[in-house]
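Examination of the molecular architecture
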Amino acid sequence: MKQDKDGRQRKNIVPGTTVGVVQKKDQASGKITTGTVGAILTGSSFHPHGIKVRLTSGIVGRVQEIGENINP
């Protein structure tokens, strides 16, 4: 069963979570980059375009997909 976790809600994201993010350079194409959250950069509890995170690889982007919701 898929979980419907929302990448716009900070409470759904913790360091160590696997997520799909859109980098700023990929916003027009919507290309998703998958990785593990290293740090949460958005301070507010909600952001309409997705919570901004830094992946353990150093990539920064806004969360679009969380955990098992990620499409390869």
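Located above this text is the structure these notes cover.
Read on for a plain summary of the structure. It should be emphasised that the depicted structure is a prediction, and the values quoted were computed from it without experimental measurement. Note that residues are indexed from 1 along each chain, following the sequence as it is written. Selection of residues for local features in this predicted model requires a pLDDT of at least 70, selection of side-chain atom pairs for listing and counting requires 80 or more, and totals for whole chains, interfaces and linings are taken over all residues. Here the side-chain values reflect all heavy atoms present in the structure, with hydrogen atoms and water set aside.

The next point concerns the pattern of salt bridges. Each salt bridge in this description consists of a side-chain nitrogen of Lys or Arg and a carboxyl oxygen of Asp or Glu lying within 4 Å of one another. Inspection of the entire model under this criterion finds one salt bridge. Between arginine 8 and aspartate 6 there is a salt bridge; the shortest N-O distance is 3.2 Å.

This part takes up the side chain of threonine 17. The residue threonine 17 is located in the segment before strand E1 (18–22) in this model. Residue threonine 17 is classed as buried on the basis of its relative accessible area of 14%. The contact rule is simple, with two residues in contact once any of their heavy atoms fall within 4.5 Å. Excluding its chain neighbours within four sequence positions, the residues that come into contact with threonine 17 are Gly35, Thr36, Val37 and Ile66. Helix and strand labels come from DSSP, where a helix needs a run of H or I of at least four residues and a strand needs a run of E of at least two; each type is numbered from the N terminus. Accessibility here uses a 1.4 Å probe with only protein chains present; expressed as a share of the type maximum, an area under 20% marks a residue as buried, one over 50% as exposed, and anything in between as partly exposed.

One finds Ile13, Val19, Val21, Val37, Ile51, Val53, Leu55, Val63 and Ile66 forming the largest nonpolar core, which totals nine residues. Discounting residues that sit within four places of it in the chain, isoleucine 66 has contacts with Lys5, Asp6, Gly7, Asn12, Ile13, Thr17, Thr18 and Val19. What makes a nonpolar core is a set of buried Ala, Val, Leu, Ile, Met, Phe, Trp, Tyr and Cys residues whose side-chain atoms join them at distances within 4.5 Å.

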